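# Survey of secondary and tertiary structure
Here's the letter readout for the chains.
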Amino acid sequence: MVNEAMCHTAVPNRGLAPAAATDSAAPKLFSGPADAFQLFAEWSARQIYWRSPWLRDQIKRWKTKSQPAVQFASRADVSDYLRSIGVIPGSLVMAHTSVSGLSFESTAGAANSIQNSFQVAQELVSLLKELVGPAGTLVMPTHPIYKAQAASQARTGAPPVYNPKTTPCGVGLANEVFWRQAGTQRSLFPHNTLAACGPLADELLRDNLTEHKSLPHGEDSGYYRFCQRDGLLISVGVPLASCFTLVHVAEESRDAHWPVKNFFEEREYVVRSQGVDRTVTIRKTRSDFMKFSFCLRKLRRDLLREGVLHEGKVGSVRVDWASSAEMIDFISRRNQNSTYPYFGTGFVPRPAP
């Protein structure tokens, strides 16, 4: 059954562009002393973590040994809940997913539940496509992984090779299943790539990769265009706050007006399309800013408090959602005179001149 205690179920109004920042009063950075203390604690913990290789290694080992939490729900209950939050025929939806520990009760009952991860991934993708229907568009992040090329790159210094038809993604088995299905388009952008299926797929993914050193979430990106159409952002089987890729639209859409110098770095990739290789240069957020100053816990608290982020469960399956336009509008209003949600950016080491 659907657990309503943690979530709001009002269906948002779709199809609106992000609102302009019109608030005359400056938004408060902290909701109170406790919020400020929690931010300081998280920021300090991040410094310790990233500056301690031993600690990182121990945590990675612990995560490897730990078993994923068991999540279980009937397909019908998941379907009903997703409809209630706006995953309906004709809708535009971006889905973050994880099938680790996830199982679905089949139509034959719990005794015949679907537990095989690949089958669960197929079932989840099938359900999402069924809900948006042929008039809707389903979008999933398909960030490429280049681990197989790492040794060669380290030896030769050659840029990674991205092929939208073959390069695997590292953000979930369901996402991998989705982009490989017939009718799904995958962007040529080689970093934080999107895949889409439906009438808006071409509009979202067309010309994401330009000649002027594009950003993965900037104004040429599918992420930005998704927000302009106020697509519904959801997560199934994973907290949305742990996979907030879309929030980077807020700073990257400002680009030249973003106040932090050296925030973006250039990277070269080889993009292989239709048998032709071309070397491209993109820009992306420097990893140091992600490691040392991007405070997700505070962002989550703020979004929950403002009613932008909604967290819920169906059975024991985590299902979260948010309006993409509301999220980007919220962050953009707060970073007009700051670097929200990046804190302590002045402490991040700058590259050598």
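The model shown is predicted, which means the values in this text are computed figures rather than measured ones.

## Here we look at the pattern of salt bridges
Under the counting rule described, the total for this entry stands at 24 salt bridges. Here R206 ties to D202 by a salt bridge, and the two come within 2.8 Å at their closest N and O atoms.

## A short note on helix α11 (residues 296-305)
Every buried residue of α11 is listed here: K298, L299, R301, D302 and L303. Buried residues along α11 sit in contact with α1 (33-50), β13 (309-314) and α12 (324-334). Backbone geometry just after α11 places G307 at a positive phi near 75°.

## Details of the nonpolar core
The biggest cluster of nonpolar side chains holds 46 residues, and the ones touching the most others in it are M94, V139, F244, L246, L303, M327 and I331. It is α12 that provides the largest number of residues to this core, a total of four residues. If near-sequence neighbours (up to four positions away) are discounted, F244 is found in contact with L296, L299, L303, L309 and M327. Within the second largest apolar cluster, 36 residues are counted, among which are L127, V132, C169 and A195.

## Digging into the layout of surface pockets
The volume enclosed by the largest pocket comes to roughly 1400 Å³. Surrounding the largest pocket, 37 residues form its lining, R46, W50, M290, K291 and L296 being those nearest its centre. It is α1 that contributes the most residues to the lining of the largest pocket, five residues altogether. Counted by class, the lining of the largest pocket contains 18 nonpolar, 10 polar and nine charged residues.

## Here we look at the pairing of strand β12 (residues 276-285)
Regular strands show a simple pattern: their side chains alternate between the two faces of the sheet. Direction of pairing for strand β11 (residues 264-273) relative to β12: antiparallel, over a ladder of 10 bridges. Paired with V271 across the strands is R278, a residue of β12.

## Regarding the packing of aromatic side chains
How two aromatic rings sit relative to each other is set out by the distance from centre to centre and by the angle between their planes. Applying the stated criterion across every chain yields a total of 11 aromatic pairs. Judged by centre distance (5.0 Å) and plane angle (85°), the ring pair of Y49 and W50 falls under edge-to-face. A residue is classified by how much of its surface remains accessible, and W50, at 29% relative accessible area, is partly exposed. Ring centres of Y146 and Y269 lie 5.7 Å apart, and the angle between their planes is 45°; on these two criteria the pair is classed as tilted. In this pair, Y146 sits in the loop between β6 (137-141) and α5 (150-156) while Y269 sits in strand β11, placing the two residues 123 residues apart along the sequence. Looking at Y269, the relative accessible area reads 5%, which means it is buried. These aromatic residues form a ring-pair network of at least three members: W258, F263, F264, F289, F294 and Y342.

Calculation notes
- Residues numbered from 1 in each chain as written.
- Predicted model: local features only at pLDDT ≥ 70, side-chain atom pairs only at ≥ 80, totals over all residues.
- Heavy atoms only, no water.
- Salt bridge = Lys/Arg side-chain N within 4 Å of Asp/Glu carboxyl O.
- Buried < 20%, exposed > 50% of the residue type's maximum accessible area, 1.4 Å probe, protein only.
- Helix = DSSP H or I, 4+ residues; strand = E, 2+ residues; numbered from the N terminus.
- Contact = heavy atoms within 4.5 Å.
- Core = buried A, V, L, I, M, F, W, Y, C linked by side-chain atoms within 4.5 Å.
- 1 Å grid on protein atoms, 1.4 Å probe; cavity = no way out; pocket = protein on both sides within 12 Å on 5 of 7 lines; lining within 4 Å.
- Points joined across faces, edges and corners; volume = space filled by probe spheres on them.
- Nonpolar A, V, L, I, M, F, W, Y, C, P; charged D, E, K, R; others polar.
- Pairing = 2+ DSSP bridges.
- Phe/Tyr/Trp six-rings, centres within 6.5 Å; stacked < 30°, edge-to-face > 60°.

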